Amino acid sequence: MDAGSAVVLGILQGLTEFLPVSSSGHLVLGQEFLPDDALGSPGVLFEVVVHLGTLVAALVFLRREVIAILASFLPGAGPGAAAGRRLALLLVVGSIPAAIVGLGLRDLVVTAFEGAGVAAGGLVLSGAALLGSRRLDADAAPSGRRADEPAGRAPDAPSRITDALFVGGAQAIAILPGISRSGFTILAGRLRGFPPSAAARFSFLLSAPVIAGAALAEGGSTLAAGGLDRGILGELIVGFAAATISGLLALRWVFAWLEERRFHQFGWYCLLAGGVGLGWSVAS
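Residues numbered from 1 in each chain as written. Predicted model: local features only at pLDDT ≥ 70, side-chain atom pairs only at ≥ 80, totals over all residues. Heavy atoms only, no water.

Where a protein is soluble and globular, its nonpolar side chains tend to be buried together. Ranked by internal contacts, the top residues of the largest apolar core, which has 46 residues, are F18, L91, I186, F202, F204, V254 and F263. No other element matches the 7 residues that helix α11 (residues 196-224) contributes to this core. Apart from residues lying up to four places away in sequence, I186 is in contact with A199, A200, S203, F204, V254, L258 and F263. In terms of nonpolar packing, the next biggest core, distinct from the first, is built from 7 residues, A6, F46, V49 and V50 among them. (Core = buried A, V, L, I, M, F, W, Y, C linked by side-chain atoms within 4.5 Å. Buried < 20%, exposed > 50% of the residue type's maximum accessible area, 1.4 Å probe, protein only. Helix = DSSP H or I, 4+ residues; strand = E, 2+ residues; numbered from the N terminus. Contact = heavy atoms within 4.5 Å.)

And the structure:
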């Protein structure tokens, strides 16, 4: 793999990690449609590195919330410590459903990635869910916040265990290929009554433990097996940078589309991609 391929793969990872179009669904369908060597695996280590790039993008974009959480556990934390600790608890609780599904149903999840039909169906389902949320976009009042402005301790922010479990359940469903993690979790937050900005912030904060856990698991096993090739260090750096920058751009776009009440329009693309995939599966 050369530097150009590393840039392209990093950009694709950064964009599809946060836009509601399902990176896993596109990967499965791409392997079905394209020539066998078109999506040659760049290696587990590279995949781990670009995932870490998207993790950094999320942490940088949501740095105020991240700093507030970390500061709340320091000795002598101020009066806002309770809110930071509460948010940390909600993120832990919200991560439980995905952990249960990912570990308890691992074989079933792996099987789901073996055929294009499941991925295509997941994209159709994602598209239908996104288009079905049009009423939520129509009813949403502008938040008045910038994309990089934290929700603070506003009463409309997630604050209950049941909220976290509901959004976490949506994240667990999105383990299946074709189901958009960002789309389902943001819609889940909206269904719990949160404004677009608050739902998106909790969704992307909730993605951090999942990305970090997967990266640690895959990276640890790769390094233990002697998978570090110093000859590709340049490609790893380039891929990481591309994933981080494109991830930051994708996050800004998502918040902009939510603010403009156009988030549901991603559903048209998911329906098209899923429909093509289903047609291909039936024909073949």
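With that out of the way, let us pick up the confidence of the model for the protein. In this model, the protein carries a mean pLDDT of 81, and residues with pLDDT of at least 70 account for 77%. Under a pLDDT of 50 for its full length, residues 143-155 has, in the predicted model, 24 contacts with residues more than four places off or in other chains. (pLDDT = per-residue confidence, 0-100.)

Where charged atoms from two side chains of opposite charge approach closely, those side chains can pair. Per the stated rule, a full pass over the model turns up 4 salt bridges. Close ionic contact of E65 with R201 constitutes a salt bridge, the shortest N to O distance being 3.0 Å. With E65 in helix α4 (residues 63-72) and R201 in helix α11, this residue pair connects regions lying 136 residues apart in the sequence. In this pair, the class of E65 matches that of R201, namely buried. Between D163 and R192 there is a salt bridge, with its nearest N and O atoms 2.9 Å apart. Remark: R192 occurs in the loop between α10 (181-191) and α11 and D163 occurs in helix α9 (residues 161-173); sequence separation between them is 29 residues. The partly exposed category is assigned to R192, whose relative accessible area is 29%. Each of the salt bridges in this network shares a partner with another, and the network as a whole consists of R160, D163 and R192. (Salt bridge = Lys/Arg side-chain N within 4 Å of Asp/Glu carboxyl O.)

For the rest of this paragraph, the subject is a nonpolar patch on the surface. On the surface, L52, V56, V60 and F240 cluster together to form a nonpolar patch covering roughly 250 Å² of accessible area. Ranked by residue count, the leading element in the nonpolar patch is helix α3 (residues 44-61), at 3 residues. Tracing the backbone through its elements, the reader meets V60 in helix α3. Taking the relative accessible area as the measure of exposure, V60 reaches 36% and is therefore partly exposed. (Patch = residues over 30% accessible without salt bridge, like charges linked within 9 Å, V, L, I, M, F, W, Y side chains within 5 Å. Areas by Shrake-Rupley, 256 points an atom, 1.4 Å probe, with all protein chains shown as cover.)

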